[in-house]
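Understanding the architecture of this molecule
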Amino acid sequence: MIENASLSDYLTEFRRGTPRERLLLAIGLGAAIAATGAFLGAEYASLAGLGCAVAGVSAWALMNQMADLIDSKFEPEIPAKVRRLRLAGIAGLAVAGLGVLLVLTSFFFRVVQTTTGL
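Presented here is a report on the structure given in the accompanying data block. Model, not experiment: these values are computed from the prediction.

Cut-off values and rules
Residues numbered from 1 in each chain as written. Predicted model: local features only at pLDDT ≥ 70, side-chain atom pairs only at ≥ 80, totals over all residues. Heavy atoms only, no water. Helix = DSSP H or I, 4+ residues; strand = E, 2+ residues; numbered from the N terminus. Contact = heavy atoms within 4.5 Å. Expected span 1.5 Å × (residues − 1). Buried < 20%, exposed > 50% of the residue type's maximum accessible area, 1.4 Å probe, protein only. Arc of directions from axis to C-beta. Axes fitted to C-alpha atoms, helices over the stretch in contact; angles between N-to-C directions. Parallel < 35°, antiparallel > 145°, perpendicular 65-115°, else oblique. Left-handed = near helix turned anticlockwise from the far one by under 90°. Polar contact = N/O pair within 3.5 Å; in protein donor to acceptor, adjacent residues only side chain to side chain.

Some thoughts on the side chain of S58
For S58, the position within the fold is in helix α3 (residues 45-71). Those residues in contact with S58 that sit more than four places away from it in its chain are F14, L23, A26 and I27.

Some points on helix α2 (residues 20-40)
End to end, α2 covers 30 Å across 21 residues, agreeing with the expected 30 Å (1.5 Å per residue, within 8%). Among all positions of α2, only L23, A26, G30, A34 and G37 are buried. Projected onto a plane normal to the axis of α2, the buried residues spread over an arc of 65° and lie on a single side. When the buried face of α2 is taken as reference, the exposed residues oriented beyond 90 degrees from it are E21, L25, L29 and F39. Where α2 terminates, the next one or two residues include G41, which has phi positive at roughly 110°.

Observations regarding the packing of helix α1 (residues 7-17) against α3
Their axes nearest at 9 Å, the elements α1 and α3 cross at an angle of 60°. Judged on the interaxial angle alone, α3 and α1 are oblique. When the axes of α1 and α3 are compared, the crossing they make is right-handed. Seen from α1, the contacting residues are L11, F14 and R15; seen from α3, they are V57, S58, W60, A61, N64, Q65 and D68.

Digging into the side chain of T18
Tracing the sequence through the fold places T18 in the loop between α1 and α2. In this structure T18 comes out as buried when scored by relative accessible area, which is 15%. Engagement of the side chain of T18 in a polar contact is seen with the backbone oxygen of F14, the distance being 2.7 Å. Here T18 is in contact with L23 and Q65, once residues within four sequence places are set aside.

Any functional reading would require information beyond the geometric quantities listed.
Following this line, the structure appears as structure tokens:
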């Protein structure tokens, strides 16, 4: 890794260097954390957001790994499959983004509530 690595560099390294089994485990663990946060209620919205973020980024990495594996073969029908897998990965990143927003807004509202007493 270079000294001034960006988020994109870290995500690319995560996608290429993580075994498939660990990504599947991370997706399941993230889904379990999100379900636990949703079950516990609104006070634990940040827990649900954290689970969504973990599961979403892991799903993105897994979909891109699968697309890279299919893309390495030379068949005429593959680009449509690869495109669908990459779109599913983007949907996973969207879930991760929503999870991060949920964590940040939950934290922001908790800080405002604590400091102002609302």
